[in-house]
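Breakdown of the fold
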Amino acid sequence: MEKRLPNIVERFNIDGTPGNIAPLGEGFINDTFFVAMEGESRPRYILQRKNSNIFKDIPAMMENIRKVTSHLKSRIAAAGGDPSRETITLIPARDGKFYLHDGEDYWCMTLFIPDTLSYTYPENEGIAEQGGRGIGRFQALLSDFDEPLTDTLPGFHNIRFRFGQWDRSLALDPLNRAASVRPLIGEIEKRRDEMAEFFTLIENGTIPKRVTHNDTKISNILFDTENRALCVIDLDTVLNAPCLYDFGDSIRSYANTGMEDDSDLDRVEMDIRMYKAYLNGYLSEAGSFLTGIEREYLPFSAKYITYEQVLRFLMDYIDGDTYYKTKYREHNLVRARAQCKLLQSIEKNLGV
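Residues numbered from 1 in each chain as written. Predicted model: local features only at pLDDT ≥ 70, side-chain atom pairs only at ≥ 80, totals over all residues. Heavy atoms only, no water.

As for the overall build of the protein
Tallying secondary structure elements over the protein gives 12 helices and 11 strands in all. On C-alpha atoms alone, the protein measures out to a radius of gyration of 20 Å, which is about the 20 Å that the 2.2 N^0.38 rule sets for 352 residues. Projected onto its principal axes, the C-alpha positions of the protein cover 60 × 45 × 40 Å. Taken across its 352 residues, the protein has 52% of its residues classed as buried. The long-range share in the protein, meaning contacts at least 24 apart out of those at least 6 apart in sequence, stands at 71%. Carbon and sulfur atoms form 47% of the exposed surface of the protein, whose accessible area is close to 15,600 Å². (Helix = DSSP H or I, 4+ residues; strand = E, 2+ residues; numbered from the N terminus. Rg over C-alpha atoms; globule rule 2.2 N^0.38 Å. Buried < 20%, exposed > 50% of the residue type's maximum accessible area, 1.4 Å probe, protein only. Contact = heavy atoms within 4.5 Å. Areas by Shrake-Rupley, 256 points an atom, 1.4 Å probe, with all protein chains shown as cover.)

Considerations on the pattern of salt bridges
For the coordinates displayed, the defined rule picks out 33 salt bridges. Its salt-bridge partner being Glu 63, residue Arg 66 comes within 2.8 Å of it at the nearest N-O pair. Placement of both Arg 66 and Glu 63 in helix 2 (residues 58–78) is noted, with a separation of three residues, approximately one turn of the helix. With a shortest N-O distance of 3.5 Å, Arg 329 and Glu 330 are connected by a salt bridge. Each of Arg 4, Asp 31, Arg 49, Asp 102, Glu 104, Asp 105 and Lys 325 takes part in salt bridges that share partners, so that together they form one network. (Salt bridge = Lys/Arg side-chain N within 4 Å of Asp/Glu carboxyl O.)

Topic: the state of the cysteines
The final tally for this structure, using the stated rule, is zero disulfides. Cys 231 supplies the cysteine sulfur nearest to Cys 108, a cysteine that is in no disulfide, at a spacing of 14 Å. (Disulfide = S-S within 2.5 Å.)

Thoughts on the packing of helix 2 against helix 4 (residues 125–141)
Running from N to C, helix 2 and helix 4 cross one another at 100°; their axes reach a closest spacing of 10 Å. Taken as axis vectors, helix 2 and helix 4 run roughly perpendicular relative to one another. Within the contact between the two elements, helix 2 uses His 71, Leu 72, Arg 75 and Ile 76 and helix 4 uses Arg 137, Phe 138, Ala 140 and Leu 141. For the contact of helix 2 with helix 4, the per-class residue count stands at five nonpolar, one polar and two charged. (Axes fitted to C-alpha atoms, helices over the stretch in contact; angles between N-to-C directions. Parallel < 35°, antiparallel > 145°, perpendicular 65-115°, else oblique. Nonpolar A, V, L, I, M, F, W, Y, C, P; charged D, E, K, R; others polar.)

Observations concerning the side chain of Gln 130
Residue placement: Gln 130 occurs in helix 4. Accessibility expressed as a relative area gives 18% for Gln 130, which makes it buried. Contact partners of Gln 130, with chain neighbours within four places excluded, come to Phe 223, Asn 227, Arg 228 and Ala 229.

With respect to the pairing of strand 9 (residues 221–224)
Burial along strand 9 is two-sided: the face carrying Ile 221 and Phe 223 and the face carrying Leu 222 and Asp 224 are both buried. Bridge count between strand 9 and strand 10 (residues 229–232): three bridges; the pairing is antiparallel. Across the sheet, the residue bridging to Phe 223 is Ala 229, located in strand 10. The turn joining strand 9 and strand 10, which pair antiparallel and follow one another in sequence, is formed by four residues; a positive phi near 65° is taken by Asn 227. (Pairing = 2+ DSSP bridges.)

Re the packing of helix 5 (residues 159–172) against helix 11 (residues 298–319)
To characterise two packed helices, one gives the angle between the axes of the helices and the distance between these axes. Running from amino to carboxyl end, helix 5 crosses helix 11 at an angle of 25°, the nearest separation of the two axes being 10 Å. Classified by the angle their axes make, helix 5 and helix 11 are roughly parallel. For the pair helix 5 and helix 11, the sense of crossing is left-handed. Counting all contacts with helix 5, which are made through Ile 159, Arg 162, Phe 163, Gln 165, Trp 166, Ser 169 and Leu 170, the residues of helix 11 involved are Tyr 304, Tyr 307, Glu 308, Leu 311, Arg 312, Leu 314, Met 315, Ile 318 and Asp 319. For the contact of helix 5 with helix 11, the class distribution of residues is 10 nonpolar, two polar and four charged. (Left-handed = near helix turned anticlockwise from the far one by under 90°.)

Some thoughts on helix 4
Between its first and last C-alpha atoms helix 4 spans 24 Å; for 17 residues at 1.5 Å apiece the expected length is 24 Å, and the two agree. With 12 of its 17 residues buried, helix 4 lies for the most part within the structure. Among the residues of helix 4, those classed as buried are Ile 127, Ala 128, Gln 130, Gly 131, Gly 132, Gly 134, Ile 135, Gly 136, Phe 138, Gln 139, Ala 140 and Leu 141. Turning to helix 4, the residues buried within the fold contact helix 2, strand 8 (210–212), strand 9, strand 10, helix 8 (243–254) and helix 9 (272–286). Its side-chain oxygen 3.0 Å from the backbone nitrogen of Gly 126, Asn 124 forms the N-cap of helix 4. (Expected span 1.5 Å × (residues − 1). Polar contact = N/O pair within 3.5 Å; in protein donor to acceptor, adjacent residues only side chain to side chain.)

Quick look at helix 7 (residues 192–203)
Spanning 12 residues, helix 7 covers 16 Å between terminal C-alpha atoms, matching the ideal 16 Å at 1.5 Å per step. Inspection of helix 7 places Met 195, Ala 196, Phe 198, Phe 199, Leu 201 and Ile 202 among the buried residues, and these make up the whole buried set. Elements that come into contact with the buried residues of helix 7 comprise helix 5, helix 8 and helix 11. A positive backbone phi angle near 85° is found at Gly 205, which sits one or two residues after helix 7.

A few points about the packing of aromatic side chains
Per the stated rule, a full pass over the model turns up 17 aromatic pairs. Seen from their ring centres, Phe 198 and Tyr 304 are 4.8 Å apart, and the 55° between their planes marks the pair as tilted. A residue pair is termed long-range when its members are at least 10 positions apart, and Phe 198 in helix 7 and Tyr 304 in helix 11 qualify at 106 residues. For Phe 198, a relative accessible area of 3% translates into the label buried. Judged by centre distance (4.9 Å) and plane angle (55°), the ring pair of Phe 313 and Tyr 324 falls under tilted. Remark: Tyr 324 occurs in the loop between helix 11 and helix 12 (331–350) and Phe 313 occurs in helix 11; sequence separation between them is 11 residues. Phe 313 gets classed as buried once you look at its relative accessible area, which sits at 1%. (Phe/Tyr/Trp six-rings, centres within 6.5 Å; stacked < 30°, edge-to-face > 60°.)

Next comes the structure, spelled out in structure tokens:
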């Protein structure tokens, strides 16, 4: 694939001649590259190979991103901000589309935002609070967005859909792994009813749908050099969904004292200080549009999203590791155990 990269880059509407192209990050889903240009004054870019096994309609996904970023740029400019730094800038291909299909893969390109910081975990409560501000502001800027978005990930965070997948996985058990993880399966099953009851509030409209990011781990926010939240990135999963999904997924990331795939469960707990810091930052931006029922279910959303991730990691392990990238044979099982420990700690700390 690396040999194709220079040709792919040149098929986008870039300024200058591409120089070094290097892998960037370790995403579970897409492959990301940093593109340096010849000449110090030239802009730099981010190139991504989109995973068409996960995202079945990449043209529609990119149109969602185009609509959302266009709205964000308009709102940011009206507020006196810098649209080139406070949201991503899509670079069109030479044919005018915001994606490229080279016969094998789908690619997209965005402008690199310089002088920024990123984190894999919040180093202190101040960063957690800024992360909350970043996601809260992202949602607030899109609270008046009224264009239709394509549902490019049907069933995403839909626990009824996940239960259907889960039941099929247990029934098929292609590698005979289910018997060895019965205690974890029991953790999924004993919380099943309350998760379905929560989702009913979404289905009947009691909890409203908004424009949300749906993958709000801290690494998807860029911070400026003063550690202020600057830009929300990686908008592949932007959808019409409850804003509670974003909050819950953030807490799963920000308030975990261990790693998502921590093999030492003694390191995994929910840090209530990080939770409160993130909550304060989030409400400072999102408080203007949240309803009472949304505020009430903020704590439960952390439980809901973490539970779903336990289910998905364990399901992928049972299926034979067909969805998430893994580094070793039991990687998904380690992830599931770590997330289950976090789930139990969330229940204890938040009383949900």
